[in-house]
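Chain by chain, the residues run as shown.
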Amino acid sequence: MKMNKLTAMILVAMILGVATGYAWRMLAGSDAAIQAFADQLSILTDIFLRLIKMIIAPLVFSTLVVGIARMGDSATVGRIGAKSMAWFLTASLVSLLLGLVMVNLLKPGLGLSLPLPEVTASSGIEKGALTLKDFIGHLIPKSVFDALAKNEILAIVVFSLFFGTAASAVGDKARVLIDVIDAVAHIMLKVTGYVMNFAPFAVFAALAGMVAKEGLSILSTYGSFMAQFYLSLGLLWLALLGMGSLFLKGRVIELLRAIREPALLAFSTASSEAAYPKTLDRLKRFGCSDRIASFVLPMGYSFNLDGSMIYCTFATIFIAQAYGIHLSLSQEVTMMLILMVTSKGMAGVPRASLVVIAATLAQFNIPEAGLLLLLGVDHFLDMGRSATNVLGNAIAASVVAKSENQLSDALPSLDEDDDIDPDPQPDTVPSVAGQQA
């Protein structure tokens, strides 16, 4: 397959990062020198992630408002929203169930050769961070400016839904404002192109620092557990692609090819958020309507984190197995249903998967200290989870677009790095003024 320049540079950066980190770990004279090396490199990764955070809020707001305003009426918005949530819940259930089945079949926690932490040991994870009140706080902003400042994607989505729907209802009077916001969307996509040029440096720094601190020996220590988890992720990819093929047919392979760059970016930086702008771009190149992609993708980042879902059930049962705690079938099903609800509050919570797992462990009297078994390799696991989240959301947006007859053929420039129009296909739905755009 043809590989574009940025993808090639990210792959090279990954290889160089691992090699540099390993060499420094072997040559450094002390742990302090290793830590200082990792801390200095982390500056590059922090710069890139901050640049991503800088553009996400205006990008989500502008593209989503324009997309909703040009859908024409609230009934269309409601229909697309209902389809999106139906897909999210189905994919979440598949992910949680697959994690539960695989961890019971593979039993990675049995016969663990690692010393178990004391039951009373603290993991340092704030398990009380997920409450209904906290979720509502992420869902409904006290101030849109506060939500924009804090990059609360779910809150920005809620405000954008109200704003875009109201703009559509106002009609001609809102046309000038929507045109301005549309121009903002074009500008933000241009800025995204600039920011992505820094991605290889961030990838290099992230992997070099991680390997320098942890070393490659940790992969042999946790090799069996990691291999089993990545096998489960591989099966989840097949399941999601199979679900997508029911609607996209053979184009699901084309979609996989289209998102390889954002998936690789998410994998190498262990951040789904870092891949958001590029995923949005690739979905449009794939032929997904700008309105659908801009609507479904930000919602998916709050409700459809498939990689994180499978990790929640897999890791929770793994810890129970490590401590020799047997859970009945009814308890495991109850756990899965609890995770189905609590995991929807992940948005905006640091180390969200671990927070959800910590909260779940407490409800089933499983020692929270078991999380200490995962902390050493959590970054390696997060890489796979992040890439899976990108795949799941890309499939969701494409399926919803297909169901709305808003999925056109891919652009010829799919493998190129040139800039594109945020809405490359002709509009087929009413504009703000109720006319064909």
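Note that this is a predicted model, so its numbers are computed, not measured.

**Comments concerning a nonpolar patch on the surface**
Okay, step 1: Taken together, the side chains of Tyr22, Met26, Leu27, Leu216 and Leu219 define a hydrophobic patch exposed on the protein surface, amounting to about 500 Å² of accessible area.
Okay, step 2: For the nonpolar patch, the element with the highest residue contribution is helix α1 (residues 5-27), accounting for 3 residues.
Okay, step 3: One can find Leu27 in helix α1.
Okay, step 4: Assessed through its relative accessible area of 74%, Leu27 is described here as exposed.

**Some details on unusual backbone geometry**
Okay, step 1: The phi torsion at Lys107 lies on the positive side, around 50°, for a residue other than glycine.
Okay, step 2: Relative to the helices and strands, Lys107 is located in the loop between α3 (74-106) and α4 (132-139).
Okay, step 3: Phi at Lys249 is positive, roughly 55°, even though this residue is not glycine.

**Some words on the packing of aromatic side chains**
Okay, step 1: Enumeration according to the criterion identifies 12 aromatic pairs in this entry.
Okay, step 2: Here the aromatic rings of Trp87 and Phe247 are separated by 5.9 Å at their centres, their planes lie at 75°, and the arrangement is edge-to-face. In this pair, Trp87 is assigned in helix α3 and Phe247 in helix α10 (residues 223-248), connecting sequence segments 160 residues apart.
Okay, step 3: Residue class for Phe247 comes out partly exposed when judged on its relative accessible area of 39%.
Okay, step 4: Look at Phe225 and Phe314: their rings are 5.8 Å apart centre to centre, the planes differ by 45°, and that puts the pair in the tilted class. Here Phe314 lies in helix α15 (residues 306-322) and Phe225 lies in helix α10, a separation of 89 residues in the sequence. Across this residue pair, the class does not change: Phe225 and Phe314 are buried.
Okay, step 5: The rings of Phe225, Phe229, Tyr230, Tyr311, Phe314 and Phe318 are connected pair by pair, giving a single aromatic cluster.
Okay, step 6: A cation sits over an aromatic face here: Arg251 above Phe286, 4.2 Å from the ring centre.
Okay, step 7: Sitting over the face of the ring of Tyr311, Arg385 holds its NZ or CZ atom 4.0 Å from the ring centroid.

**Things to note about helix α17 (residues 352-363)**
Okay, step 1: With 12 residues, α17 extends 17 Å from end C-alpha to end C-alpha; this agrees with the ideal 16 Å at 1.5 Å per step.
Okay, step 2: When you tally the buried positions in α17, you get 10 out of 12 residues, the bulk of the element.
Okay, step 3: Three or more residues of α17 are buried, namely Ala352, Ser353, Leu354, Val355, Val356, Ile357, Ala358, Ala359, Thr360 and Leu361.
Okay, step 4: Contacts made by the buried residues of α17 are with α15, α16 (329-342), α18 (372-375) and α19 (378-403).
Okay, step 5: Immediately beyond the C-terminal end of α17, within one or two residues, lies Asn365, with a positive phi of roughly 55°.

**Comments concerning the confidence of the model for the chain**
Okay, step 1: Confidence in the prediction for the chain averages 83 pLDDT; 86% of positions are at 70 or higher.
Okay, step 2: Highest mean pLDDT in the chain belongs to α10 (94); lowest belongs to α4 (67).
Okay, step 3: Note on residues 419-437: pLDDT under 50 across the span, and 53 contacts to partners over four residues away in sequence or across chains.

**Some words on the side chain of Thr45**
Okay, step 1: Within the secondary structure, Thr45 sits in helix α2 (residues 31-69).
Okay, step 2: Judged by relative accessible area, Thr45 falls into the buried class, the value being 12%.
Okay, step 3: Engagement of the side chain of Thr45 in a polar contact is seen with the backbone oxygen of Ala202, the distance being 3.3 Å.
Okay, step 4: Within polar-contact distance, the side chain of Thr45 engages the backbone nitrogen of Ala206 at 3.3 Å.

**Here we look at helix α11 (residues 251-258)**
An α-helix turns once every 3.6 residues. As a result, residues three or four positions apart point the same way.
Okay, step 1: Where α11 is concerned, the buried positions are Arg251, Val252, Leu255 and Ala258. One side of α11 carries all its buried residues, which in axial view fall inside an arc of 110°.
Okay, step 2: In the core, the buried residues of α11 are packed alongside α10, α12 (260-269), α13 (276-286) and α19.

**Re the pattern of salt bridges**
Okay, step 1: Taken as a whole and assessed by the stated rule, the structure comprises 11 salt bridges.
Okay, step 2: The salt bridge partner of Lys53 is Glu273, with a shortest N-O separation of 2.8 Å. Separated by 220 residues along the polypeptide, Lys53 in helix α2 and Glu273 in the loop between α12 and α13 bring together distant segments of the chain.
Okay, step 3: Here Asp382 and Arg385 are joined by a salt bridge, their closest N and O atoms 3.2 Å apart. Placement of both Asp382 and Arg385 in helix α19 is noted, with a separation of 3 residues, approximately one turn of the helix.

**Some thoughts on the nonpolar core**
Okay, step 1: Ranked by internal contacts, the top residues of the largest apolar core, which has 124 residues, are Phe48, Phe295 and Ile319.
Okay, step 2: Beyond its immediate stretch of four places on either side in the chain, Phe48 contacts Val195, Met196, Phe198, Ala199, Ala202, Leu265, Thr269 and Ala274.
Okay, step 3: With 7 residues, the next largest nonpolar core counts Phe37, Leu41, Ala208 and Ala212 among its residues.

**Structural notes on the environment of Asn393**
Okay, step 1: Within the element layout of this structure, Asn393 appears in helix α19.
Okay, step 2: For the pair Asn393 and Pro298, spaced 95 residues apart in sequence, the C-alpha separation works out to 8.9 Å.
Okay, step 3: Setting aside residues no more than four positions away along its own chain, Asn393 makes contact with Leu297, Gly300, Tyr301, Asn304 and Leu305.

Conventions and cut-offs
- Here, residues in each chain are numbered from 1, in the same order as that chain's written sequence.
- It should be noted that, the model being predicted, local features are given only for residues of pLDDT at least 70 and side-chain atom pairs only at 80 or more, the latter also being counted only at that level, while totals for whole chains, interfaces and linings use all residues.
- Derived side-chain values reflect all non-hydrogen atoms in the structure, with water molecules and hydrogen atoms excluded from consideration.
- Patch construction takes residues with relative accessible area above 30% that form no salt bridge. Like charges are linked within 9 Å, and nonpolar side chains (Val, Leu, Ile, Met, Phe, Trp, Tyr) are linked within 5 Å.
- Here the accessible surface of atoms and residues is derived via Shrake-Rupley with a 1.4 Å probe, and residues count as covered only by protein chains that are part of the display.
- For this analysis, a salt bridge means a side-chain nitrogen from Lys or Arg found within 4 Å of a carboxyl oxygen belonging to Asp or Glu.
- A helix here means a DSSP run of H or I that spans at least four residues, while a strand means a run of E at least two residues long, and both kinds are numbered starting from the N terminus.
- Think of it in three bands: residues with accessible area under 20% of the maximum for their type are buried, residues over 50% are exposed, and the middle band is partly exposed, with areas taken using a 1.4 Å probe on protein chains only.
- Two aromatic rings, drawn from Phe, Tyr or Trp (for Trp, its six-membered ring), form a pair once their centres lie within 6.5 Å of each other, and the interplanar angle then sorts them: stacked below 30 degrees, edge-to-face above 60, tilted otherwise.
- We call a charge positioned above a ring when the Lys NZ or Arg CZ atom is no farther than 6 Å from the ring centre and deviates by at most 35 degrees from the ring normal.
- To estimate the expected span of a helix, count its residues, drop one, and scale the result by 1.5 Å.
- Whether two residues touch is decided by their heavy atoms; if any such pair falls within 4.5 Å, the residues are in contact.
- The predictor reports its confidence for every residue as pLDDT, a score running from 0 up to 100.
- Here a polar contact means two N or O atoms within 3.5 Å. Within protein one must be a hydrogen donor candidate and the other an acceptor candidate, and residues neighboring in sequence count only if both atoms are side-chain atoms.
- Here, the arc refers to the directions that run from the helix axis to the C-beta atoms.
- Residues belong to one nonpolar core when they are buried, are Ala, Val, Leu, Ile, Met, Phe, Trp, Tyr or Cys, and are joined through side-chain atoms within 4.5 Å.

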